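# Summary of structural features
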Number of protein chains: 6
Amino acid sequence: MDGKKIEQEILEITEELIKDYKSDRAIDKMDTFHQPNKDSIIDITKKLLRIVYPGYYRDHVYKVYNVETNLNTLMEDVVYNLNKQIALILCYSADYCGCCDDECATKAEELSLAFLKRIPKVRALLDTDLQAAYDGDPAATSIDEIIFAYPGILAITIYRLAHELYDLGVPIIPRIMTEHAHSLTGIDIHPGATIGEYFFIDHGTGIVVGETTVIGKNVKIYQGVTLGALSTRGGQNLRGVRRHPTIEDNVTIYSNASVLGGDTVIGHDSIIGGSTFITESVPPESRIYYDVK
Amino acid sequence: MDGKKIEQEILEITEELIKDYKSDRAIDKMDTFHQPNKDSIIDITKKLLRIVYPGYYRDHVYKVYNVETNLNTLMEDVVYNLNKQIALILCYSADYCGCCDDECATKAEELSLAFLKRIPKVRALLDTDLQAAYDGDPAATSIDEIIFAYPGILAITIYRLAHELYDLGVPIIPRIMTEHAHSLTGIDIHPGATIGEYFFIDHGTGIVVGETTVIGKNVKIYQGVTLGALSTRGGQNLRGVRRHPTIEDNVTIYSNASVLGGDTVIGHDSIIGGSTFITESVPPESRIYYDVK
Amino acid sequence: MDGKKIEQEILEITEELIKDYKSDRAIDKMDTFHQPNKDSIIDITKKLLRIVYPGYYRDHVYKVYNVETNLNTLMEDVVYNLNKQIALILCYSADYCGCCDDECATKAEELSLAFLKRIPKVRALLDTDLQAAYDGDPAATSIDEIIFAYPGILAITIYRLAHELYDLGVPIIPRIMTEHAHSLTGIDIHPGATIGEYFFIDHGTGIVVGETTVIGKNVKIYQGVTLGALSTRGGQNLRGVRRHPTIEDNVTIYSNASVLGGDTVIGHDSIIGGSTFITESVPPESRIYYDVK
Amino acid sequence: MDGKKIEQEILEITEELIKDYKSDRAIDKMDTFHQPNKDSIIDITKKLLRIVYPGYYRDHVYKVYNVETNLNTLMEDVVYNLNKQIALILCYSADYCGCCDDECATKAEELSLAFLKRIPKVRALLDTDLQAAYDGDPAATSIDEIIFAYPGILAITIYRLAHELYDLGVPIIPRIMTEHAHSLTGIDIHPGATIGEYFFIDHGTGIVVGETTVIGKNVKIYQGVTLGALSTRGGQNLRGVRRHPTIEDNVTIYSNASVLGGDTVIGHDSIIGGSTFITESVPPESRIYYDVK
Amino acid sequence: MDGKKIEQEILEITEELIKDYKSDRAIDKMDTFHQPNKDSIIDITKKLLRIVYPGYYRDHVYKVYNVETNLNTLMEDVVYNLNKQIALILCYSADYCGCCDDECATKAEELSLAFLKRIPKVRALLDTDLQAAYDGDPAATSIDEIIFAYPGILAITIYRLAHELYDLGVPIIPRIMTEHAHSLTGIDIHPGATIGEYFFIDHGTGIVVGETTVIGKNVKIYQGVTLGALSTRGGQNLRGVRRHPTIEDNVTIYSNASVLGGDTVIGHDSIIGGSTFITESVPPESRIYYDVK
Amino acid sequence: MDGKKIEQEILEITEELIKDYKSDRAIDKMDTFHQPNKDSIIDITKKLLRIVYPGYYRDHVYKVYNVETNLNTLMEDVVYNLNKQIALILCYSADYCGCCDDECATKAEELSLAFLKRIPKVRALLDTDLQAAYDGDPAATSIDEIIFAYPGILAITIYRLAHELYDLGVPIIPRIMTEHAHSLTGIDIHPGATIGEYFFIDHGTGIVVGETTVIGKNVKIYQGVTLGALSTRGGQNLRGVRRHPTIEDNVTIYSNASVLGGDTVIGHDSIIGGSTFITESVPPESRIYYDVK
């Protein structure tokens, strides 16, 4: 086929697609100019990891003799870009759509600074998570190995950061952050979930923690565990309704177990065996296992 | 160890390896000159996402005032590279190995243009999938959030595109595309599967949908679900045989359930509970659950 | 908010964080100067893939007429960077912390050359794994497709390479390598595990193979399978203790099954059904399934 | 010297420099936030070359089947970035410093569109320059070779573009553009100069054409020629005064000749010999040479 | 101005330009598909420098323990890309325009291999040039400094390489190479010139050496020297005619001197003073100076 | 030609070249392992420009709210890389070749810190040069335009920085820096020259200022001026001997003038006309011009 013919074919396909874009369907409601930039949000997430774990996530640009100035420079970078993305999201999001560009920009600056002020609190929590991972896994040879190579701690770190943005009312960005963690680790924690200190995820792939889940202190969960909703066929009518379970302190949930439902409470100090399927509350100190046939 | 000694050691290891490469084993049958380029196929996949969801997957190269010309330019880029990769694959693949370079190139152009013409059809299907995701998940705040942050819709989109290439008889490329989706989302849908409209995957990690699976309309599946084969110890003898189940319309399959076997049919309007293990057909409107002991 | 005010706010947040960094918690024990570089280790891993499968993982920098010189150049690159990372890790790691920089450098060179010498052995094993994948999956159309698009073979390849480094006593790096494989494939094989020839992983997402697992020849496992520990609440006291199961030759374990415990042995030629939960040994040639209710 | 000591030294040098920055000297009057970006202006210049000579300056990003859409996309890119730089310059520049950001942005858009509309006129002039180069240089084998490899045509092209921006009253940007040409070619043409059609520069290094120079049609100049001011010790008092010579139609000026002064007119059809030094007018059809001793 | 209006304006300007492109002028005779790639030719030139001066122009991609394999890899890279560019040029160039793609490709391979075989000869000449630079400049502290920092040697090196391609009859590429040298150094040597051994250029900016110049052994020239044509108003009629001077052995030409004309011979062992203007032959051992008044 | 044949040809050419490399000529005395990295030195030079003119040479990596921390980070980067290059040069250079790696490293740190401490002094001088450029050129509309677009000030800035390194005894690096300036601007100032305050270069291409030149205050020179040696046929015997002229305060030298010889003194307040050729001293307040014939 000669170049001219291909050019013609491509033009026709393009015209067809342009027509297609102009349908009034869900898929066609794009606003090219005010969309947030997913890549930028992922980049911000990576820089937040460097702020949280100074030194572990290397800065390839500058060598570090002086942690202070390096941190400050990094912080300015994060503020600048986070301001921009939050402002775009605020303009874009239904809840704020009345605000003009300037109001959005001011609101965005307040939100991103408020967020950064919470990082020490997040680090205090992560310190307990790291300890839980070290104490809980005999294969761990050092805290460093956990920060370098454990998907669980990576997912929890991004969740704890995203949760603060979620808590401040920033839309969409926290979900993009936790979905990035999900893509890297196979661990899907909704930024709306509430999770106490000393949280340990072992291996992790396939874990789902739903939006309204509440998890106490010193909880340990394994790969494939679902803390989910019983049924969501109710769809958007269920928005804001408590749909996911409560896991009290000191609970261990083994691999591939499912705990479902907004009224389901796993009492403190319980152990939930692997591959179990729990849809009702269990009292404290329970031991729940299947028999093998 | 000094530089000279290391150089010598490396040379010896290299010679050893070169000898090793010349064995007549499966691992050593490379054809350096006609292999497709995996990175290029992934790049094409990313550009297809920008064509399918104009605006959501940003082009960092050009700012967009004018969607038409931007699309046309993007389309030319995709055509150029897809032509190249399909031509390489055709030369490479056993089924076409008789064709000379020119025949392959012509055939490749026909295939890639035929593929692009199908994109409006794919978008029409994706519109129903997006609606299903929005209707089915109370945590979804907007269609935008679904496109930006839901792994299920990402995996379905890439599957639907790859399926069209599979259907046109293009070898290997569709599998590289869906495996890329698998790597990003943990959702493994074989491009050969047949999937109806309004398909919703929640969370998704660990989902497997086999090559000969047939899924009806308005089906919803959760993380960890396997729609697989009963046994594949029969190996290559089973090629082309129906090995995976049929899921009829309006079925919901909860997390970690397995539905296996080419003769297994899940009747319409059924609900399959989490962590169940189904190897035989169930009638329409069934409710299948395990009890917890 | 004006630029000056933001600058002030950022400075204050920075100071707060610097203070936070100076706590004496696990999270704050960084040694900026001697940490290994995770990105570099991932880059080395990618280059090892190109050495193991010459041609399949393309070198975008140089065209290849001559495999020998290309390999040699690639090998030098790997040696140079691996030397550097191993030396950093040795200085960093508790077990070697007595050595000065020069001793570490010499030791690192010995280790990286010893590692590269083992690659032909690794390739011989991988040849059997490729054959197992081709024989075991009717959907596989060629060995090439398996190398290009099968997550199982990617995870096994990286595991087999990392296992050799683990076996040589290199700390942390093998774990970073297998965690990279985990991130790409959802398959989490600890580099300490022992795995025989003709190993096949189908689909793979959610698979966990623990540190002290021993797997025989011709074993086939599916997505979601856990070969794990019964309980790790014993934590660091269990370090070095056998905690994971033994899987004998010719065993198949279907999706989402869990086999747990250091004393658990799955006898040869057994088939373990999907979603089963095994915590005790089973004799050879067993068939273990759940009933569906 | 250990890391801590270096860190301390660097901090002290930094403090010293910060103090130095706060002097009230010419060198210290920076306005970090509103400065134009030199790299961006050079990038725009490169894209303008691709617009002027479609195909000759390759676009490495997209393959071109269709010149129209490629051009449109390129044009949007130029408009977007030129708008931004002109707006920054307008805010920055003394002549416009009263305008607020929005006024500057609107003015910038008008200027950049007006500029682009002039490109066909520029191309018509360049067509005559190309013809002059081909006719004038027996070493030229084709028009293509001239566009690819002649510094004279590159310098003239950038000058002709910059001159239009200068003519529209855009400050600083035209000078950055011609200085970029100067850096590449050694030919320094001030964007304020007026130059007629069929202009040919041979070799070119060392050529200087001052701000108020007027050059007629069909003029040919060689390397090292200066069309300059007699003396500029008068400095800023001379701003706006005619300081550079007039060169009438059909004049040839050989290498290293200097023609100086605002009242100096080289009459039409004259030939000025190499290494001459002219500070007074010469009548039409003159022949001016030095004797060699 | 709103986005829509700008889009409209840009579309109109684009249409105007597309019309402009379709004129039948010299500037509009582009052949997008067969043009050589200037950037690629410059890249090849840089790699040739690394081949000529192994080690001095660093390869940032691979570390070098082993010069042999590094060189071979580099050579393959150069051959691959040079083949491609020569083939494009041959198709493009008037002199070869009869050949089909395959003939051009074969011819290109022969030419690029023939070229590479001449590199040892080029290096032998450059060795004499380096010695001349070291002997001739008291400011030179070492051969290394000359290779690293002397524009003269850079320009001569690129000229000597380009001259071999010119001699093999490759069109346009040699000119692009020497024009690249010109842009970097201000020294403009036509690839057609003939230059003997022990050639030294001091400083160099502004030097012009025309296409038919012949330079003997042990010649030294300074910045601003022109070895040019008397007049080229004869234009294309002069193609192939000897237009530039002959400089015999052991001549020194000081800064800004011009020696012009195809019949002009500077006899051996002459010294030509700075800023002189020579249009007739001078006998051997001449001393030519201006008096200063 | 088939791939195998090309491979063979390339191998033969490589072998030939390797043999060629092993000659004992000047060109073959490479020490691959200890050579400085020219690209890195150019990169350092660019960062020094950003330190000298904060804000004018943009940092594309980080946005700048806070000049202090940005500067400190930049400074660390420069120190790190300058240390490395100076250490390499010291090991490499004949004058220091006795020192072991550690001694060189310590010496390098001292030199690079000493250099950075001199930057305020350099900036004070540059402030006078900027003022001279503004006062001296009626075409200059602002100090900013001079920093952005004047080659003279760029060349002087790099010279003044390089001169400090030269003065500290660092070999080769200063020459690479000024040669970089030469490549960008056509102005070639040897780092060994001594130049007073309020120095102004107009246009600049073709200017040469030799190693032992001494220039007073408030001197202004134009394009094409040579301040050079009378003859350097004496070669290396002249090393360290005064070979270049002295230019006293308040002198102006117009375009293409040459002033040559170590004994030549241009008396204060003189004006040297364009294209003159001066090889003997002139008294203060002289006016030197050629007549035009």
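Please read all numbers here as calculations on a predicted model, not as lab measurements.

## Overview of the environment of Asp102(C)
- One can find Asp102(C) in helix H4 (residues 101-117).
- Asp102(C) sits 76 residues away from Ala26(C) along the chain, and the two C-alpha atoms are 29 Å apart.

## Points about the packing of helix H2 (residues 38-52) of chain C against helix H8 (residues 173-185) of chain C
Residue and element names in this part refer to chain C.
- Here H2 crosses H8 at 70°, and the two axes come no closer than 10 Å. Of the possible angle classes, the one that applies to H2 and H8 is roughly perpendicular. The interaxial crossing formed by H2 with H8 has right-handed handedness. Every residue of H8 that contacts H2 at Lys 38, Ile 41, Ile 42, Thr 45, Lys 46 and Leu 48 is listed here: Ile 173, Ile 176, Met 177 and His 180.
- Counted by class, the contact of H2 with H8 contains 6 nonpolar, 2 polar and 2 charged residues.

## Things to note about the interface of chain C and chain B
- In this complex, chain C contributes 71 residues to the contact, which on the side of chain B involves 60 residues.
- Contact between chain C and chain B buries roughly 5,800 Å² in total, counting both sides, with carbon and sulfur atoms accounting for 56%.
- Across the chain C-chain B interface, the total number found is 3 salt bridges.
- Close ionic contact of Asp20(B) with Arg123(C) constitutes a salt bridge, the shortest N to O distance being 2.5 Å.
- The interface formed by chain C and chain B contains 11 residue pairs in polar contact (both at pLDDT 80 or more).
- Among the secondary structure elements, those contributing two or more residues to the side of chain C that touches chain B are H2, helix H3 (67-92), H4, helix H5 (119-136), helix H6 (143-149), H8 and strand E6 (220-222) of chain C.
- Broken down by element, the residue count for the side of chain C that touches chain B peaks at 11 residues, all from H5(C).
- Broken down by class, the residue content of the side of chain C that touches chain B amounts to 35 nonpolar, 20 polar and 16 charged.

## What to know about the relation of the copies chain C and chain B
- For the pair chain C and chain B, the superposition axis carries a translation of 0.0 Å, the fit reaches an RMSD of 0.0 Å, and the rotation angle comes to 120°. Such a turn and shift between the copies fits a three-fold axis.
- The overlap is low: 10% of the interface residues of chain C also sit at the interface in chain B, so different surfaces are used on the two sides.

## Quick notes on the sheet that holds strand E9 (residues 252-253) of chain A
Residue and element names in this part refer to chain A.
- Ordered in space as E3-E6-E9-E12-E14, the 5 strands form an open sheet in which the pairing is parallel. In the strand order of this sheet, the two ends are held by strand E3 (200-202) and strand E14 (287-288), each with one partner.
- Where E3 and strand E6 (residues 220-222) come together, 3 bridges link them in parallel fashion. Among the inter-strand pairings, Asp 202 is bridged to a residue of E6, identified as Tyr 222.

## Things to note about the pattern of salt bridges
- Taken as a whole and assessed by the stated rule, the structure comprises 72 salt bridges over all chains.
- Among the ionic pairs, Glu164(A) bridges to Lys121(A), the shortest N-O distance being 3.2 Å. Placement of the pair is Glu164(A) in helix H7 (residues 151-167) and Lys121(A) in helix H5 (residues 119-136), with a sequence separation of 43 residues.
- Look at Lys121(A) and you get partly exposed, because its relative accessible area is 45%.
- Residues Arg118(C) and Asp167(C) are paired through a salt bridge, measuring 2.9 Å at the closest nitrogen-oxygen approach. One end of the pair, Arg118(C), is in the loop between H4 and H5; the other, Asp167(C), is in helix H7 (residues 151-167), with 49 residues separating them in the sequence.
- What you see here is one network of salt bridges that share partners, running through Arg118(A), Lys121(A), Glu164(A) and Asp167(A).

## Details of a negative patch on the surface
- On the surface, a cluster of negative charge is contributed by Asp102(A), Glu103(A), Asp102(D) and Glu103(D).
- Contributions of two or more residues to the negative patch are made by helix H4 (101-117) of chain A together with helix H4 (101-117) of chain D.
- Mapped onto the elements, Glu103(A) comes out in helix H4.

## Things to note about the side chain of Glu164(A)
- In this structure Glu164(A) comes out as buried when scored by relative accessible area, which is 5%.
- Reaching out from Glu164(A), the side chain makes a polar contact with the side chain of Lys121(A) at a distance of 3.2 Å.

## A few points about the environment of Ala229(F)
Residue and element names in this part refer to chain F.
- Structurally, Ala 229 can be placed in the loop between strand E7 (226-228) and strand E8 (246-247).
- When its relative accessible area of 13% is taken as the criterion, Ala 229 is described as buried.
- Ignoring any residue separated from it by four or fewer positions in sequence, one finds Ala 229 in contact with Arg 243, His 244, Leu 260 and Gly 261.

## Topic: the packing of helix H2 (residues 38-52) of chain A against H5(A)
All names here are of chain A.
- Orientation of H2 relative to H5, taken along the N-to-C sense of each, is 70°, at an axis distance of 11 Å. Viewed along their axes, H2 and H5 adopt a mutual orientation that is roughly perpendicular. Seen from above, H2 lies across H5 with right-handed handedness. Contacts from Leu 48, Ile 51 and Val 52 in H2 reach Ile 119, Arg 123 and Leu 126 in H5.
- Residue classes in the contact of H2 with H5 are distributed as 5 nonpolar, no polar and 1 charged.

## Here's the deal with the confidence of the model for chain A
- Per-residue confidence for chain A gives a mean pLDDT of 86; residues scoring 70 or more make up 86%.
- Both scores are given for the predicted complex: the pTM is 0.88, the ipTM 0.89.

## Topic: helix H7 (residues 151-167) of chain D
All names here are of chain D.
- Relative to the 24 Å expected for 17 residues at 1.5 Å per residue, H7 spans 24 Å between its end C-alpha atoms, a close match to the ideal helical length.
- With respect to burial, H7 is a largely interior element, 15 of its 17 residues being buried.
- Of the residues one or two after H7, Gly 169 is the one with positive phi, at around 90°.

## Comments concerning the packing of aromatic side chains
All names here are of chain C.
- For the structure shown, the criterion picks out 6 aromatic pairs over all chains.
- Consider the rings of Tyr 222 and Tyr 254, whose centres lie 4.8 Å apart with planes at 25°: the pair is stacked. Highlighted residues: Tyr 222 in strand E6 and Tyr 254 in the loop between strand E9 (252-253) and strand E10 (258-260), separated in sequence by 32 residues. In this structure, Tyr 222 and Tyr 254 share a single accessibility class: buried.

## Quick word on the sheet that holds strand E1 (residues 188-189) of chain A
All names here are of chain A.
- Across the sheet, which stays open at both edges, the 5 strands sit in the order E1-E4-E7-E10-E13 with parallel pairing between neighbours. Strand pairing shows two members of the sheet lacking a second neighbour, E1 and strand E13 (277-278), which therefore form its edges.
- Across 2 bridges, E1 lies against strand E4 (residues 208-209) in parallel orientation. Bridge pairing links Ile 189 to Val 209 in E4.

Scoring rules and cut-offs
Residues numbered from 1 in each chain as written. Chains lettered and ligands numbered in written order. Predicted model: local features only at pLDDT ≥ 70, side-chain atom pairs only at ≥ 80, totals over all residues. Heavy atoms only, no water. Helix = DSSP H or I, 4+ residues; strand = E, 2+ residues; numbered from the N terminus. Axes fitted to C-alpha atoms, helices over the stretch in contact; angles between N-to-C directions. Parallel < 35°, antiparallel > 145°, perpendicular 65-115°, else oblique. Left-handed = near helix turned anticlockwise from the far one by under 90°. Contact = heavy atoms within 4.5 Å. Nonpolar A, V, L, I, M, F, W, Y, C, P; charged D, E, K, R; others polar. Buried area = accessible area lost by both parts, 1.4 Å probe. Salt bridge = Lys/Arg side-chain N within 4 Å of Asp/Glu carboxyl O. Polar contact = N/O pair within 3.5 Å; in protein donor to acceptor, adjacent residues only side chain to side chain. Least-squares fit on C-alpha atoms with pLDDT ≥ 70 in both. Pairing = 2+ DSSP bridges. Buried < 20%, exposed > 50% of the residue type's maximum accessible area, 1.4 Å probe, protein only. Patch = residues over 30% accessible without salt bridge, like charges linked within 9 Å, V, L, I, M, F, W, Y side chains within 5 Å. Areas by Shrake-Rupley, 256 points an atom, 1.4 Å probe, with all protein chains shown as cover. Lys, Arg positive; Asp, Glu negative; His and termini not counted. Charge placed at Lys NZ, Arg CZ, Asp CG, Glu CD. pLDDT = per-residue confidence, 0-100. Expected span 1.5 Å × (residues − 1). Phe/Tyr/Trp six-rings, centres within 6.5 Å; stacked < 30°, edge-to-face > 60°.

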